[in-house]
Amino acid sequence: MPEGDTVWLAAKRMDQALAGATLRRGELRVPQLAATDLTGRTVREVVPRGKHMLIRLADGWTLRTHYRMDGSWHVYRPGAKWRGGPPFSVRAVLATDQWECVGYRLHDMVLVPTEQEDRLVGHLGPDVLGPDWDLDEALRRLRSGPDVEVGVAVLDQRNLCGPGNLYKAEALFLTGVHPWARVADVDEKLEPLVTRARTLMLANRDHPEQSTTGDMRKGFDHWVYGRKGKPCRRCGTPILMGDQGPELQERVTYWCPRCQASRSPIDPQARTGEPGRPRPRATPG
């Protein structure tokens, strides 16, 4: 699933292309909005909210889209070839005289009055990359679930929105926290954990590359994420990988069993640094 910085960058580029312009083409190719034509309407702004994209129109309506696992927005000059996927995967086309914004495999597309956006995103926690970021509120929400595994809690967008699997794994490693530790067992590390995740996302939000090590070269850009079986960059211990999360909503996670020693009683196998038995995966809701 795309990280919040990916959505932030896409929203920035789309805002530059669409804000203040009138749509000469406004197609929404999903059943519930197939009869809606946005042609002739003016875009006020495009803003991210965690992993949600909010396209606000000047007439008081908002189009919300979500990437989920495979969605994306692409921006082209008129006449340029669209390269985001086969034509049948296009879910939206918003075009002005200068730009064409094409949405591929978008999810959760809905059009609501702007004043009712809270129906769609009001449940989300503080936005890590938002102008109203509130660290204290994010920590309060995390601490409200003391028995939740910290790796699950950080991904819960109701606690803080924006971080995904990559920044979760990397921030946990950099703060020495085991993914299966209970929130209550690592209370003193919650603030540095959240701060680290935000720092990493801020450092990467203005470009598509996502490096957490400071090295942009492929294979050198992450500490543990995507490095199962490879030596830890700090201690040389092989990196482990396991599924974590509620059944049928598991997300893969990576950690170093030495640098991230666990004090949590939740998962005996996790305490020894061994991943639990693999379970079938499904796309989270």
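Residues numbered from 1 in each chain as written. Predicted model: local features only at pLDDT ≥ 70, side-chain atom pairs only at ≥ 80, totals over all residues. Heavy atoms only, no water.

(A) Up close: the overall build of the chain. When its secondary structure is counted, the chain shows seven helices and 10 strands. Here the chain has a C-alpha radius of gyration of 20 Å; the compact-globule value for 285 residues is 19 Å, and the two agree. Overall, the C-alpha framework of the chain stretches about 60 × 35 × 35 Å when taken along its three principal axes. When the 285 residues of the chain are sorted by exposure, 51% land in the buried category. Counted over contacts in the chain with a minimum sequence separation of 6, partners at least 24 positions apart contribute 62%. Just so you have it, the chain exposes about 13300 Å², and 50% of that area is on carbon and sulfur atoms. Averaging the locations of the 42 positively and 36 negatively charged side chains of the chain gives two centres separated by 5 Å. (Helix = DSSP H or I, 4+ residues; strand = E, 2+ residues; numbered from the N terminus. Rg over C-alpha atoms; globule rule 2.2 N^0.38 Å. Buried < 20%, exposed > 50% of the residue type's maximum accessible area, 1.4 Å probe, protein only. Contact = heavy atoms within 4.5 Å. Areas by Shrake-Rupley, 256 points an atom, 1.4 Å probe, with all protein chains shown as cover. Lys, Arg positive; Asp, Glu negative; His and termini not counted. Charge placed at Lys NZ, Arg CZ, Asp CG, Glu CD.)

(B) Structural detail: the packing of aromatic side chains. All told, the structure shown has three aromatic pairs when counted by the stated rule. For the pair W180 and W255, a centre-to-centre distance of 4.9 Å together with 70° between the ring planes defines the contact as edge-to-face. With W180 in the loop between α5 (165–174) and α6 (187–204) and W255 in strand β10 (residues 251–255), this pair connects stretches of sequence that are 75 residues apart. Overall, W180 belongs to the buried group, its relative accessible area being 4%. Assessed through its relative accessible area of 0%, W255 is described here as buried. The ring of F220 is capped by R217, whose NZ or CZ atom sits 4.0 Å from the centre of that ring. (Phe/Tyr/Trp six-rings, centres within 6.5 Å; stacked < 30°, edge-to-face > 60°. Lys NZ or Arg CZ within 6 Å of the ring centre and 35° of its normal.)

(C) Up close: the confidence of the model for the chain. This prediction gives the chain a mean pLDDT of 91; 91% of its residues lie at or above 70. Within the model, pLDDT remains below 50 along residues 264–285, and this stretch shows 49 contacts once partners closer than five positions in the same chain are excluded. (pLDDT = per-residue confidence, 0-100.)

(D) Quick look at the layout of surface pockets. Quantified by volume, the second largest pocket comes out at close to 330 Å³. As for the second largest pocket, its lining consists of 18 residues, and the residues nearest its centre are T6, L9, A10, R13 and P208. Secondary structure elements with two or more residues in the lining of the second largest pocket: α1 (4–18) and β5 (72–76). In the lining of the second largest pocket, the residues fall into eight nonpolar, six polar and four charged. (1 Å grid on protein atoms, 1.4 Å probe; cavity = no way out; pocket = protein on both sides within 12 Å on 5 of 7 lines; lining within 4 Å. Points joined across faces, edges and corners; volume = space filled by probe spheres on them. Nonpolar A, V, L, I, M, F, W, Y, C, P; charged D, E, K, R; others polar.)

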